[in-house]
Structures are given as structure tokens and as C-alpha cells.
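Structural overview
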Amino acid sequence: MNSTSSFKSNPLNKIIGLSIILSMGFLLVILAGIYGNWFPIIIGILFAVAHLPVVITQAISNSSDYDFNFDPTTSSSTNVVKEFGQFLSAFLLVSGFYLPVILHHSLILTRTAMVLTIVGGGLIYGTVYTFSSFFNDHEDEDEIPDLGGGVI
């Protein structure tokens, strides 16, 4: 077995790499807070919790205890819950990207603090999103995929 193939397939290496990227994002946001004022710290927290509504609404809609719809063919109530979580997450993400621009325009943040906040926040959100998609994979390798062949 090749050492590079075992490095790429090891999930611990992926987690360590994502942790390093997350710490770099928080470092950039803290440096922006030191360079400017304390507003980039709040924006960094906004980036860190921006994916949380999607996680919460997916957990609510996938829960069998929450489903009060007795018709199995329709699932409109769970789609509304998921779409609300996606909307709220997109709102927090767009607010996180444009709040530093607005604060720079109103001369509260310097240009360097604005750039550090946006890059650091992008790294934070990208890492949180990648972590959640990495741990959300419920498919096993031993499971035979359903090819949609119908009923025999």
C-alpha cells in the first residue's frame, strides 16, 4: 500500500487539516479585531453559527417524532422547515460578508481589518460547512446502492 493513498483516505488527517484551516480563520478574525476594533470578533461569531440553522432544521425534519403528517406521499411541512433553515443560514452568511464592508464604508473598520474579517470568516464558514458535510455522510461502503430497478 502506498503511503500517499493511506494519507488521503485517512479521516483523521482530514479532520486535522480542517482544524488547522479553522484555526487560521479564527486567527485572521482575531487579528482584524486587534487591528481595528472589536466588531470583527462579533462577525467571526456570526460566521461560526451561520450553518447552525441548517443543522437544526435538518435534525427537526428528519426526526420521526416531529412528523405529524399522516399522508406518506406529501412532506411539504418538512420542506418548509428545511427551506426556512437554509434561508436563515443564507441571511446570516450574507450579513457576515457584507457587514465588514458596511463598517468600512462608515469608517468604523479599516480596509485591512475588513479584508482580514472577510477572508477569516470565509475560512471559518467553509470549514464548518465541510465538517458538517463530512460527518453527515450516512452511506456505508458495504451497502448495495439502490439502482431504481422497480419491483420484481
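To be clear, the structure that these remarks concern was listed above.
Just so it is clear, the model here is predicted, and its values are computed rather than measured.

About the thresholds
- The numbers attached to residues start from 1 for each chain and follow its sequence in the written order.
- Reporting of local features is limited, given that this is a predicted model, to residues whose pLDDT is at least 70; pairs of side-chain atoms are given and counted only at 80 or more, and all residues count toward the totals for whole chains, interfaces and linings.
- As a rule here, side-chain values cover all heavy atoms of the structure and leave hydrogens and water aside.
- Simply put, an axis is a line fit to the C-alpha atoms, just over the touching stretch for a helix, and the angle between two N-to-C directions goes from 0 to 180 degrees.
- Only DSSP runs of H or I reaching four residues or more are called helices, and only runs of E reaching two or more are called strands; each is numbered from the N terminus.
- Roughly parallel means an angle under 35 degrees; roughly antiparallel means over 145; roughly perpendicular covers 65 to 115; every other angle is labelled oblique.
- By convention, the crossing between two helices is left-handed when the near helix turns anticlockwise from the far helix through less than a right angle, and right-handed when the turn is clockwise.
- By the convention adopted, Pro, Cys, Tyr, Trp, Phe, Met, Ile, Leu, Val and Ala count as nonpolar, Lys, Arg, Asp and Glu as charged, and the other residues, Gly among them, as polar.
- Aromatic pairs are defined between Phe, Tyr and Trp rings, using the six-membered ring for Trp, whenever the two ring centres lie within 6.5 Å; interplanar angles under 30 degrees are classed as stacked, those over 60 as edge-to-face, and all others as tilted.
- The classification of residues rests on relative accessible area computed with a 1.4 Å probe and restricted to protein chains. Under 20% of the type maximum is buried, over 50% is exposed, and intermediate values are partly exposed.
- By nonpolar core we mean a set of buried residues, namely Ala, Val, Leu, Ile, Met, Phe, Trp, Tyr and Cys, connected to one another through side-chain atoms within 4.5 Å.
- Pairs of residues are marked as contacts when any of their non-hydrogen atoms sit within 4.5 Å.

Further remarks concern the packing of helix α2 (residues 11-35) against helix α6 (residues 111-135). It is the contact of α2 with α6, at a shortest axis distance of 8 Å, that shows an interaxial angle of 155 degrees. Judged by the angle between their axes, α2 and α6 are roughly antiparallel. The handedness of the crossing between α2 and α6 is left-handed. When its residues are assigned to classes, the contact of α2 with α6 shows 20 nonpolar, eight polar and one charged.

So, on to the packing of aromatic side chains. Considering all chains together, one arrives at three aromatic pairs under this definition. With a centroid separation of 5.0 Å and an interplanar angle of 75 degrees, the aromatic rings of Phe47 and Phe97 are classed as edge-to-face. You can see Phe47 sitting in helix α3 (residues 39-48) and its partner Phe97 sitting in helix α5 (residues 76-105), a full 50 residues away along the chain. By relative accessible area, which is 29% here, Phe97 ends up partly exposed. The interplanar angle of 25 degrees and the centroid separation of 6.3 Å between the aromatic rings of Tyr125 and Tyr129 together place this pair among those described as stacked. Linking Tyr125 with Tyr129, this pair stays in helix α6, spanning four residues, or about one helical turn.

This brings us to the nonpolar core. With 13 residues, the main nonpolar core has Phe47 and Tyr125 as its most contacted residues. Listed by contribution, the elements that provide at least two residues to this core are α2, α3, α5 and α6. Ignoring sequence-local partners within four residues, the contact set of Tyr125 consists of Phe47, Ala50, His51, Ser89 and Leu93.

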